[in-house]
Amino acid sequence: MAKDDRVLIFDTTLRDGEQAPGASMSEKEKLEIAFALERLGVDIIEAGFPVISEGDFNSVKSVAKNIKKSIVCGLARSIKKDIDASYEAVRMAKKHRIHVFLATSKIHMKYKLKKSQEEILKMAVDAVKYAKKKVADVEFSPEDASRSERDFIFKIVEEVIKAGATTVNIPDTVGYSMPSEYGSLIADIKNNVPNINKAIISVHCHDDLGVAVANSLSAVREGARQVECTVNGIGERAGNASMEEIVMAIKTRPDIYRCKTRVNTKEICRVSRLVSKSTGFIVPPNKAIVGNNAFRHESGIHQDGILKERSTYEIMLPQDVGFMGTGLILGKHSGRHAFKERLKQLGVTVKGKELDLAFERFKSVADKKKQVFDEDLLAIVEDELKVYQKVWSLVSLESQSGTDIKSKVDVVLKCKGKKFHKSHTGDGPVDACYKAIDAIVKVKGELLDYAIQSVTRGKDALGEVTIKAKIKSSSVIAHGTSTDILEASAKAYINAINKVLSQKTPAKKKGVS
Ligand code: KIV
Ligand code: ZN
């Protein structure tokens, strides 16, 4: 493969991904994801839209200060105040980029911007020149490019490259394009923009018609050398092109794409899990690459084929994407050393007090559950090693409920070494339990969403509860795990309270897709 056959992966999970309704993340969670993306080997991390809120600005700044290998990028509209904010947020990064955008389709120019083509062209060129005075690496996106007049796209792309843009991104903002059409748009840009070899062509596709990945791959075949995507395909409306699907398609079909990415694919499942945890968006079991069933064979014919020769039914190796399967690993007789070593193999390093806490928790789970799988282990540590302070913790829980009685739950919580007790009735045990917790903590939380999932299989599986709650006017996502689903529910709610009590970033404003 030739040198320019490297496709850059531009991850926008922290910007476009976070614009998925209900997916907002805290500064700490974003930083944790940024570290995971750097480990994964993405080339560019779009960390946010700094002008949109103080929270976004601070998150981008904290990513910029900490990330060393990937380029850290901040989004800006084609106006000075946005570009200034973007620059201020990313300037500490070892490698930084400003991404400027402006809509170019007739619909957007007429109704949203109320500007002519000439005015838009001038705004775009001025914005790129202004950004270029601050940083060398400037990307320009003509928003809604796939619905823009082709000649206008050729012209604006040519002019922004003259003004200093080093990457030109062609967004299918509303997910309207189809693969052959989008591929030919990229081919046309290559053939009609005289200075196109001075910039990298990037693509950015939304999944409204379910073809964001297909569109991105079609563009790669036509010479696009940067793909903008998100982990698990999260994003505005139906989401963005999924990073893991693009990376694995390029890796699995070099005969078609004839290019490579720098991604360490073995990190894919880990980052997918982290994003799912932080956003509360559960990955569907049938999701390509990262779904729980993506490498599971149920049919007898398939299992027989796989046992005879793996390639009969498997086109990728599960271990190549870091898929863990459910191999039995530890039990109640396993020691601290084995526990720590297995976590290390799973990419989690815990020491000191955190290790003591996680090990204690593992022992109590192993006592209740005969078999402890890798997924259980990860759920245990994720539950114990929160990125926020544990202000309140659960001491004990006792419940009475049934078909013909009103549910009543007794809860004991601990805060700063002191124990607090309350009992409450409610419409079912979870309601009673949450009311008792509210009475102890003296908050009035509103439960916006509640989901329960088993971590592994079997009647004794750990249950993982994911909730979204509004507490003190902040919406937060939190999780709790236990073999007892009421205990898991209580833990999720206490975690949500702790998250709110330790967060300082204000709520974000609305962004763009
Ligand atoms: O979808 C879109 O057009 C965008 C741009 C800001 C690149 O997200
Ligand atoms: Zn977008």
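## Structural notes on the overall build of the protein
Scanning the protein from terminus to terminus reveals 17 helices and 16 strands. For 513 residues, the compact-globule estimate of 2.2 N^0.38 gives 24 Å, and the protein sits close to it at 25 Å. The dimensions of the protein, computed from C-alpha atoms along their principal axes, are 75 × 60 × 45 Å. A total of 513 residues make up the protein; the buried ones form 54% of that total. The long-range fraction of contacts in the protein, counting pairs at least 24 apart against all pairs at least 6 apart in sequence, stands at 67%. Side chains of the protein carry 84 positive and 67 negative charges; the gap between the two charge centres is 5 Å.

## A look at the state of the cysteines
For the structure on display, the rule yields 0 disulfides. The thiol sulfur of Cys73 is not disulfide-bonded, and the nearest other cysteine sulfur, from Cys229, lies at 13 Å. A residue is classified by how much of its surface remains accessible, and Cys73, at 0% relative accessible area, is buried. Cysteine Cys229 is unpaired, with the sulfur of Cys205 as its nearest cysteine sulfur at 10 Å.

## Focus: the sheet that holds strand S2 (residues 44-48)
Pairing in this closed barrel of 8 strands is parallel, and the strands run S1-S2-S3-S4-S5-S6-S7-S8 around the ring. For this sheet the average axis-to-axis angle between neighbouring strands, irrespective of direction, equals 25°. In this sheet, strand S7 (residues 200-205) lies alongside strand S6 (residues 167-172) in parallel orientation, the contact comprising 6 bridges. If you follow Val168 over to S7, its bridge partner there is Ile201.

## Structural notes on the confidence of the model for the protein
Of the residues in the protein, 95% have a pLDDT of 70 or more, and the chain-wide mean is 91. This stretch, residues 505-510, has a pLDDT under 50; its non-local contacts, to residues over four places away or in other chains, come to 13 contacts.

## Considering the domain arrangement of the protein
Domain assignment breaks the protein into domain 1 (3-279), domain 2 (293-323), domain 3 (324-384) and domain 4 (393-502). Its C-alpha centre places domain 1 at a distance of 38 Å from the equivalent point of domain 3.

## Overview of helix H8 (residues 212-221)
The element H8 is largely enclosed, with a buried count of 8 among its 10 residues. Where H8 is buried, its residues touch S6, helix H7 (179-192), S7, strand S8 (226-229), helix H9 (243-252) and helix H10 (254-257).

## Observations regarding the sheet that holds strand S12 (residues 407-415)
Overall, antiparallel pairing links the 3 strands, which are arranged S11-S12-S13 in an open sheet. Edge positions in the sheet fall to strand S11 (392-400) and strand S13 (418-426), since each has one partner strand and no second. On average, each strand axis in the sheet is inclined to that of its neighbour by 20°, with strand direction left out of account. Summarising the sheet, S11 and S12 pair through 8 bridges and their orientation is antiparallel. Of the residues in S12, the one forming a bridge with Trp392 is Cys415. Set on the sheet, helix H16 (residues 429-441) makes contact with S11, S12 and S13; between it and S12 the angle comes to about 35°. With respect to the sheet, helix H17 (residues 485-502) is in contact with S11 and S12, its orientation differing from that of S11 by roughly 150°.

## A short note on the environment of Asn495
When you line up the elements, Asn495 lands in helix H17. A sequence separation of 16 residues divides Asn495 from His479, and the C-alpha atoms of the two residues are 6.9 Å apart.

## Quick word on the pairing of strand S16 (residues 474-482)
Counting buried positions along S16 gives 8 out of 9 residues, so the element sits mostly inside the fold. Bridge count between strand S15 (residues 463-471) and S16: 9 bridges; the pairing is antiparallel. Bridging across to S16, Lys468 finds its partner in Ile477.

## Remarks on the pairing of S6
The side chains of a regular strand alternate between the sheet's two faces. Taken across its 6 residues, S6 has 6 buried, putting it largely inside the fold. Residues Thr167, Asn169 and Pro171 line one face of S6 and the alternating positions Val168, Ile170 and Asp172 line the opposite face, and both faces are buried. One ladder, built from 2 bridges, connects strand S5 (residues 138-143) with S6; its direction is parallel. From the neighbouring strand, Glu139 faces S6, where its bridge partner is Thr167. With H7 bridging S6 and its parallel neighbour S7, the resulting β-α-β unit is right-handed.

Calculation notes
Residues numbered from 1 in each chain as written. Chains lettered and ligands numbered in written order. Predicted model: local features only at pLDDT ≥ 70, side-chain atom pairs only at ≥ 80, totals over all residues. Heavy atoms only, no water. Helix = DSSP H or I, 4+ residues; strand = E, 2+ residues; numbered from the N terminus. Rg over C-alpha atoms; globule rule 2.2 N^0.38 Å. Buried < 20%, exposed > 50% of the residue type's maximum accessible area, 1.4 Å probe, protein only. Contact = heavy atoms within 4.5 Å. Lys, Arg positive; Asp, Glu negative; His and termini not counted. Charge placed at Lys NZ, Arg CZ, Asp CG, Glu CD. Disulfide = S-S within 2.5 Å. Pairing = 2+ DSSP bridges. Axes fitted to C-alpha atoms, helices over the stretch in contact; angles between N-to-C directions. pLDDT = per-residue confidence, 0-100. Domains from an automatic or database assignment. Right-handed = clockwise from strand over helix to strand, strands pointing away.

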